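Remarks on the overall topology
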Amino acid sequence: MALLEIENLTVTFDTASGPLRAVDGISLSIDKGEILAIVGESGSGKSVSMLAVMGLLPWTATVTADRMAFEGRDILNLSPTERRRIIGKDIAMIFQEPIASLNPCFTVGFQIEEALKQHMGLDGAARRKRAIALFEAVGIPDPEERLSHFPHQMSGGQCQRVMIAMAISCEPKLLIADEPTTALDVTIQKQILDLLMNLQSEQGMGMIMITHNMGVVAETADRVVVQYKGKKMEEADVLSLFETPQHAYTRALLSALPENATGDRLPTVSDFSIEGDPYQGAKTEGARA
Amino acid sequence: MSEVVLEARGIVRDYHVGGGLFGAGRTVHAVKGVDLKVEKGKTLAIVGESGCGKSTLARIITMIDAPTAGELFIDGEKVDIAARALSPEMRRKVQIVFQNPYGSLNPRQKIGDVLMEPLIINSDVPAAERRERAMTMLTKVGLQPEHFNRYPHMFSGGQRQRIAIARALMLNPRLLVLDEPVSALDLSVQAQVLNLLADLQDEFALTYVFISHDLSVVRYIADDVMVMYYGEAVEYGSRDAVFSDPQHSYTKTLFAATPRADVESIRKRLARKAA
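Just so we're clear, the structure is a prediction, and the values are computed from it rather than from any experiment. Position numbers for residues count from 1 along each chain, tracking the sequence in the order it is written. Labels follow written order: the first chain is A, the first ligand is 1, and so on. Selection of residues for local features in this predicted model requires a pLDDT of at least 70, selection of side-chain atom pairs for listing and counting requires 80 or more, and totals for whole chains, interfaces and linings are taken over all residues. With hydrogens and water set aside, each side-chain value is computed from the structure's full complement of heavy atoms.

1. Let's talk about the overall build of chain A
A count of helical and extended segments in chain A gives 11 helices and 11 strands. Values of the radius of gyration come from C-alpha atoms, whereas the globule rule sets the reference at 2.2 Å times the count of residues to the power 0.38. In terms of overall dimensions, chain A is globule-like: its C-alpha atoms have a radius of gyration of 20 Å, near the 19 Å expected for 289 residues. Along the three orthogonal principal directions, the C-alpha set of chain A runs to about 60 × 45 × 40 Å. Think of it in three bands: residues with accessible area under 20% of the maximum for their type are buried, residues over 50% are exposed, and the middle band is partly exposed, with areas taken using a 1.4 Å probe on protein chains only. Residues counted as buried form 54% of the 289 residues belonging to chain A. Pairs at least 24 residues apart make up 66% of the contacts formed inside chain A by residues separated by at least 6 positions. Reported accessibility uses the Shrake-Rupley method at a 1.4 Å probe radius. Residues are deemed covered only where the shown protein chains occlude them. Accessible area of chain A: about 12,600 Å², with a carbon and sulfur share of 49%. Charge counting treats Lys and Arg as positive and Asp and Glu as negative, with His and both chain ends excluded. We put the charge of a Lys on NZ, of an Arg on CZ, of an Asp on CG and of a Glu on CD. Put simply, chain A has 26 plus and 38 minus side-chain charges, and the middle of one group is 5 Å from the middle of the other. Only DSSP runs of H or I reaching four residues or more are called helices, and only runs of E reaching two or more are called strands; each is numbered from the N terminus. Throughout, a residue-residue contact means that at least one pair of heavy atoms, one from each residue, lies within 4.5 Å.

Structural data, given as structure tokens:
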């Protein structure tokens, strides 16, 4: 049985200028111990579909799906109380901007112990011990002292480690990482990716890596879903995606990588004609203006 | 030998921080003696992680900030903004494009006004000609004349970066400093902006100082590469020399940390994982 199964997920936002379909019929599934990467540009609906799984979308969003199940259990029509029991415990998420996702008013220690208190029912001393162990696991030096620090006293990479520690604190079965390294330097990015990969293989979690960086995909994923304007364009294992991309959009994305440049000019997505593109003919960039 | 547009010798920039009621302040050495030289029509890329002083160096080259020590020559002419104010002619020669296209455009200013403002401040071009030049520049950077009366929020990230580039080019600069111009953009939009920069360089014989932390972009666009680490230039040479034979251990770390997206390295990784 798959860990997470989604069939025909659509998310529509009510906006002043009418309904906007951000996710349009996405189906995917992920198994235990697997790393699935969801790739796409901004506006492709990759974050929104995962926020729908977490139930974190604002009330203007309408989520429909033929099936959305975690460990065989329906999570589309959960009551808020039931949802809170799963979210943050069995499914955890790491957000893109580490400094913005931590609460600046509380110490990082308080914030990590809050999750432990809610889901694990540990007493104060045990929570503290667990928090120190978690900080050690994600490679924060002087964990005991660091617990009493505020987010602004830490660097971006350190804050991301705190976020990861918080996400894995309740031993989730599925970890969703939404662009976990986009705001970080390449050397720090490497450390964070290595850390995530190690934790994933140690704990046998399923992991969904949302990214727009093809390099990150190549370094981490087992299987890849390519998303474009709310639709799934292609799904393949990582090697065949890079070796023999089937869809025109995937080919366009890969050839836009500067390291794959052959001539003087980089090909762009608008140089390729993309079948099934709802905005056929319109250039990717001009579509919004 | 072709002409040298930008030359810097021993640029140092110190910042003094703290020094309040309790305890003395301390000095942060942001840039510690950097030498560089860029010829006309070439691109120098400066690579390094956040906090290594590359943006401070960019501010000094753009003559926004004065160096603590060292000499800066633009077109062979010595510049010292600490000693005397800059003439409009000098100001026109160097322009900058910032990293975040969402933050560097005034949300209450129409695109046309964004483009005409440098001309109002630094030249005495009459209004009709200002308008005409702004229109021409819009089409040069791949936008439409009807965008003239729109506001920045009506544009996507890539289009805004085009506007920022157009604004920098309004004064026909000799040298364009690009501070991480594509790091906030999506892959395909990044490719469009990089193509635009290459086209503009050919058309106007522009010289670029390109600041980035993305080595794949640097490899694509640069002629020369400088790697900065804690305010020092640890590696400086032609692109091919730096990429094929990095000398400093930090450069090697940087190369090792850059994710690889080729089939061969994916195969290796999968083989490691299976083992």
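2. Thoughts on the overall build of chain B
The helix and strand inventory of chain B stands at 10 helices and 10 strands. Here chain B has a C-alpha radius of gyration of 20 Å; the compact-globule value for 275 residues is 19 Å, and the two agree. Overall, chain B is about 70 × 50 × 50 Å in size when its C-alpha atoms are taken along their principal axes. Out of the 275 residues in chain B, the part that is buried amounts to 51%.

3. A closer look at the environment of B:G25
All names here are of chain B. Secondary-structure assignment places G25 in the loop between β1 (4-17) and β2 (26-39). Residue classification places G25 among the partly exposed positions, given a relative accessible area of 42%. Non-local contacts of G25, meaning those with residues more than four positions away in its chain, are made with V17, G18 and G19.

4. So, the sheet that holds strand β6 (residues 94-97) of chain B
All names here are of chain B. In this scheme, strands are said to pair when DSSP sees at least two bridges between them. Across the sheet, six strands lie side by side as β6-β7-β8-β3-β9-β10; this open sheet has mixed pairing. Edge positions in the sheet fall to β6 and β10 (232-238), since each has one partner strand and no second. For this sheet the average axis-to-axis angle between neighbouring strands, irrespective of direction, equals 15°. Here strand β3 (residues 43-47) pairs with strand β8 (residues 207-212) via five bridges, running parallel. In the strand pairing of β8, A45 is matched with F210. Think of each axis as a best-fit line through the C-alpha atoms, taken over the contacting stretch in the case of a helix, with angles from 0 to 180 degrees between the N-to-C directions. This element, helix α6 (residues 187-204), spans β3, β7 (175-179) and β8 of the sheet and lies at about 160° to β8.

5. Here's the deal with the sheet that holds strand β8 (residues 174-178) of chain A
Strand-to-strand pairing in sheets goes through backbone hydrogen bonds, with the strands running parallel or antiparallel. Residue and element names in this part refer to chain A. Read across the sheet, six strands follow the order β7-β8-β9-β3-β10-β11 without closing on themselves; strand pairing throughout is mixed. A single partner strand is all that each edge strand has here, and the edge strands are β7 (91-94) and β11 (231-237). Within this sheet the neighbouring strands show an average axis-to-axis angle of 15°, counted without direction. Two strands pair when backbone bridges link them, and β8 and strand β9 (residues 206-211) are joined in this way by five bridges, in the parallel orientation. The partner of I176 across the bridge, within β9, is I208. Set on the sheet, helix α1 (residues 46-54) makes contact with β3 (35-39), β7, β8, β9 and β10 (223-228); between it and β7 the angle comes to about 145°. Along the sheet, helix α8 (residues 186-203) makes contact with β3, β7, β8 and β9, crossing β9 at roughly 155°.

6. Focus: the confidence of the model for chain B
Along the chain, pLDDT gives the predictor's confidence residue by residue, from 0 to 100. Here chain B averages 89 in pLDDT, while 100% of its residues score no lower than 70. Ranking the helices and strands of chain B by mean pLDDT puts β3(B) first, with 94, and helix α10 (residues 263-274) of chain B last, with 85.

7. Notes on the environment of B:A184
All names here are of chain B. Following the sequence through the fold, A184 ends up in the loop between β7 and α6. Sequence spacing of A184 and N100 is 84 residues, and the spatial spacing of their C-alpha atoms is 6.5 Å. Residues contacting A184, with those up to four places away along its chain left out, are Q99 and P101.

8. A few points about the packing of α8(A) against helix α9 (residues 249-257) of chain B
Running from amino to carboxyl end, α8(A) crosses α9(B) at an angle of 50°, the nearest separation of the two axes being 8 Å. Between α8(A) and α9(B), the crossing angle belongs to the class labelled oblique. Handedness of the α8(A)/α9(B) crossing: left-handed. Every residue of α9(B) that contacts α8(A) at A:V186, A:T187 and A:K190 is listed here: B:T253, B:L254, B:A256 and B:A257. Here the contact of α8(A) with α9(B) is built from residues that sort into four nonpolar, two polar and one charged. Here the angle decides the label: under 35 degrees means roughly parallel, over 145 means roughly antiparallel, 65 to 115 means roughly perpendicular, and every other value means oblique. Note: crossing handedness is left-handed where the near helix turns anticlockwise from the far helix by less than a right angle, and right-handed where it turns clockwise. Residues are sorted three ways: Asp, Glu, Lys and Arg are charged, Ala, Val, Leu, Ile, Met, Phe, Trp, Tyr, Cys and Pro are nonpolar, and all the rest, Gly among them, are polar.

9. A short note on helix α4 (residues 108-120) of chain A
Residue and element names in this part refer to chain A. Helix length check: α4, at 13 residues, gives a terminal C-alpha distance of 18 Å against a target of 18 Å (1.5 Å per residue), a fit within 8%. Within the sequence span of α4, burial applies to V108, G109, Q111, I112, E113, A115, L116 and H119. Next to the buried residues of α4 lie α2 (80-86), α5 (124-137), α6 (143-146) and α7 (156-168). Multiplying 1.5 Å by the helix residue count minus one yields the expected span of that helix.

10. Considering the side chain of A:D90
Relative to the helices and strands, A:D90 is located in the loop between α2 and β7. Once residues within four sequence positions are removed from consideration, A:D90 is found in contact with A:F70, A:P172, A:K173 and A:L174.

11. Things to note about the interface of chain A and chain B
Facing 40 residues of chain A, the contacting portion of chain B comprises 35 residues. A combined buried area of about 3,500 Å² lies between chain A and chain B, and 55% of that area is made up of carbon and sulfur atoms. Whenever a carboxyl oxygen of Asp or Glu lies within 4 Å of a side-chain nitrogen of Lys or Arg, that contact is scored as a salt bridge. The interface formed by chain A and chain B contains two salt bridges. Between B:K273 and A:D222 there is a salt bridge whose closest N-O contact spans 2.9 Å. In protein, a polar contact means a hydrogen-donor-capable atom and an acceptor-capable atom, both N or O and within 3.5 Å, with residues adjacent in sequence counting only if both atoms are side-chain atoms; elsewhere, any N or O pair within 3.5 Å suffices. Where chain A touches chain B, the interface holds 10 residue pairs in polar contact (both at pLDDT 80 or more). For the side of chain A that touches chain B, the elements supplying multiple residues, two or more each, are α8, α9 (214-220) and α10 (238-243) of chain A. Element by element, the count of residues in the side of chain A that touches chain B is highest for α9(A), at seven residues. Here's the idea: put two parts together, see how much 1.4 Å probe accessible area each one loses, and the total over both is what we call buried area.

12. As for the pairing of strand β5 (residues 67-70) of chain A
Residues and elements named next belong to chain A. Two strands pair when backbone bridges link them, and strand β1 (residues 4-15) and β5 are joined in this way by four bridges, in the antiparallel orientation. Pairing of E7 across the sheet is with R67, part of β5. By the bridge criterion, two bridges tie β5 to strand β6 (residues 73-74) in an arrangement that is antiparallel. Among the inter-strand pairings, A69 is bridged to a residue of β6, identified as D74. Where β5 folds back onto β6 in an antiparallel hairpin, the turn is made up of two residues, including E71, whose phi is positive at roughly 55°.

13. Structural notes on the UniProt feature "domain: ABC transporter" (unreviewed entry) in chain A
UniProt positions are given in the numbering used here, feature names are shortened, and annotations may be inferred rather than shown by experiment. The residues that UniProt annotates with the feature "domain: ABC transporter" (unreviewed entry) are residues 4-254 of chain A. Strand forms 27% of residues 4-254 of chain A and helix 41%; the C-alpha atoms that close the span are 28 Å apart.

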